[in-house]
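Below, each chain spelled out in residue letters.
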Amino acid sequence: MPHTAVPRPAFPAHATTAVAARATSLSKVYGQGETQVVALDSVDVEFERARFTAIMGPSGSGKSTLMHCMAGLDSISTGSARIGDVELAALNDKQLTRLRRDKIGFIFQAFNLLPTLTALENITLPMDIAGRRPDREWVSRVVETVGLSGRLGHRPSQLSGGQQQRVAVARALAAQPEIIFADEPTGNLDSRSGAEVLGFLRESVQAMGQTVVMVTHDPVAAGYADRVIFLADGHIVDELRGPTADTVLDRMRMFDAKGRTS
Ligand SMILES: Nc1ncnc2c1ncn2[C@@H]1O[C@H](COP(=O)(O)OP(=O)(O)OP(=O)(O)O)[C@@H](O)[C@H]1O
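Residues numbered from 1 in each chain as written. Predicted model: local features only at pLDDT ≥ 70, side-chain atom pairs only at ≥ 80, totals over all residues.

Before going further, it helps to spend a moment on the overall build of the chain. Along the backbone of the chain there are nine helices and 10 strands. Its C-alpha radius of gyration of 18 Å places the chain within 12% of the 18 Å reference for a compact globule of 262 residues. Taking the principal axes of the C-alpha coordinates as reference, the chain spans close to 55 × 40 × 40 Å. Here the chain, with 262 residues, has 39% of them falling under the buried criterion. In the chain, of all internal contacts separated by at least 6 residues, the share reaching a separation of at least 24 is 70%. (Helix = DSSP H or I, 4+ residues; strand = E, 2+ residues; numbered from the N terminus. Rg over C-alpha atoms; globule rule 2.2 N^0.38 Å. Buried ≥ 20, exposed ≤ 12 C-beta atoms within 10 Å, placed from the backbone. Contact = placed C-beta atoms within 7 Å.)

A few words on the site of the ligand. Taken together, the neighbourhood of the ligand is formed by Tyr30, Gly31, Val37, Ala39, Gly57, Ser59, Gly60, Ser61, Gly62, Lys63, Ser64 and Thr65. Sorting the residues of the shell around the ligand by element identifies strand 2 (37–48) and helix 2 (63–70) as the ones contributing at least two each. Its residues placed into classes, the shell around the ligand shows three nonpolar, eight polar and one charged. (Near = placed C-beta within 6 Å. Nonpolar A, V, L, I, M, F, W, Y, C, P; charged D, E, K, R; others polar.)

Once that is clear, we can look at the environment of Asp226. When you line up the elements, Asp226 lands in the loop between helix 8 (219–222) and strand 9 (227–232). Asp226 sits 141 residues away from Asp85 along the chain, and the two C-alpha atoms are 23 Å apart. If sequence neighbours within four positions are ignored, Asp226 has contacts with Arg51, Phe52, Thr53 and Gly242.

Let us now look at unusual backbone geometry. In this model, Gln176 sits at a positive phi of 50°, which is unusual for a non-glycine residue. By secondary structure assignment, the location of Gln176 is in the loop between helix 6 (161–174) and strand 7 (179–183). Residue Gln176 is classed as buried on the basis of its 25 C-beta neighbours within 10 Å. The residue Asp233 is not glycine, and still its phi comes out positive at about 50°. Checked against the element boundaries, Asp233 lands in the loop between strand 9 and strand 10 (235–241).

Let us now look at the packing of helix 5 (residues 136–145) against helix 6. Orientation of helix 5 relative to helix 6, taken along the N-to-C sense of each, is 150°, at an axis distance of 9 Å. The orientation of helix 5 with respect to helix 6, classified from their angle, is roughly antiparallel. Read as a crossing pair, helix 5 and helix 6 show a hand that is right-handed. Contacts between helix 5 and helix 6 pair Trp138, Val139, Val142 and Val143 from the former with Ala170, Leu173 and Ala174 from the latter. Partitioned by chemical class, the residues of the contact of helix 5 with helix 6 number seven nonpolar, no polar and no charged. (Axes fitted to C-alpha atoms, helices over the stretch in contact; angles between N-to-C directions. Parallel < 35°, antiparallel > 145°, perpendicular 65-115°, else oblique. Left-handed = near helix turned anticlockwise from the far one by under 90°.)

Read from one edge of the open sheet, six strands run 6-7-8-3-9-10, paired in mixed fashion. A single partner strand is all that each edge strand has here, and the edge strands are strand 6 (104–107) and strand 10. Pairwise comparison of adjacent strand axes, ignoring direction, gives a mean angle of 20° for this sheet. Strand direction decides the pairing type here: strand 9 and strand 10, joined by six bridges, are antiparallel. Counted as the bridge partner of Val228 is Leu240 from strand 10. (Pairing = 2+ DSSP bridges.)

The next subject is the nonpolar core. By size, the foremost hydrophobic cluster in this structure holds 63 residues, and its most contacted members are Val169, Ala170, Ile179 and Leu201. Here this core takes seven residues from helix 6, the largest share from any one element. Those residues in contact with Val169 that sit more than four places away from it in its chain are Ile107, Val146, Val197, Phe200 and Leu201. (Core = buried A, V, L, I, M, F, W, Y, C linked by C-beta atoms within 7 Å.)

Here we come to the sheet that holds strand 2. Read across the open sheet, the four strands follow the order 2-1-4-5; overall the sheet is antiparallel. Two strands in the sheet have a free side with no partner beyond their single neighbour: strand 2 and strand 5 (86–87). Inspection of the sheet shows strand 1 (residues 19–30) paired to strand 2 by eight bridges, in the antiparallel sense. Looking at the pairing, Ala21 lines up with Phe47 of strand 2.

Glancing now at the packing of helix 6 against helix 7 (residues 191–208). Running from N to C, helix 6 and helix 7 point in directions that differ by 15°, and their axes come no closer than 9 Å. As summarised for this structure, helix 6 and helix 7 are arranged roughly parallel, according to the angle between their axes. Every pair of crossing elements has a handedness; the one defined by helix 6 and helix 7 is right-handed. Across from Gly161, Gly162, Gln165, Arg166, Val169 and Leu173 in helix 6, the residues of helix 7 making contact are Ser193, Glu196, Val197, Phe200, Leu201 and Ser204. Each residue belonging to the contact of helix 6 with helix 7 can be placed in one class, and the counts come to five nonpolar, five polar and two charged.

What follows is the structure, given as structure tokens:
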């Protein structure tokens, strides 16, 4: 389906790149000596702009580590992690904080909303902190897309889990980040609310040209993505384009069978 071109603000240096984020020979080692764990072992991956990528793999395979390293939440050991053309390892703490604030959106399993603020205040909070004036038209479009129009004055405690997660999705989308990283964003939701949230993420990619990278264990969630990459033992072992829940499940079964026979 064609993507609607949406004017994007602020980051002309990246506007021509088709890749929103890239890892090259990225390794991450925790600890030293006997307790050393190689969480990522020379990973090469590109996250294409205006695409929805899911990261899957067994527990401990390195999914969260990859996401945290790419999002500048964790340092890398060797190799390279870039957002657009920016090499994360070259930034000092202050620059990294600014990059995360200005260019990256986060959606976590816990919604991380501030209880004393309304839904709308939560949505615009990152921009308020950054001293950026929210683009009202854009925020309205996001709010409408995620179906929150009638709930903007509510505080998180007055919203259902699904609605709270939609606020978290809207908060990530409203600032028009270069890339959104989502860690099990539907893990705490019932299947209907989860489907809604995934539908909104899908819509944000398709209609708004957003780039989304999502860690998930759920083949149904991965079926909303354009592409699934599979991690095992800190390596990317496979990828699937145009996945469906069934093809993802088949691929996972294949890995399980291999794991049992090898
Ligand atoms: N801070 C840390 N210190 C030491 N080891 C760590 C740390 N964080 C992660 N690890 C190890 O790195 C490996 C990869 O962990 P990671 O959390 O990335 O896996 P995951 O695929 O996200 O797992 P899960 O699906 O269970 O969340 C694991 O062996 C884990 O124990």
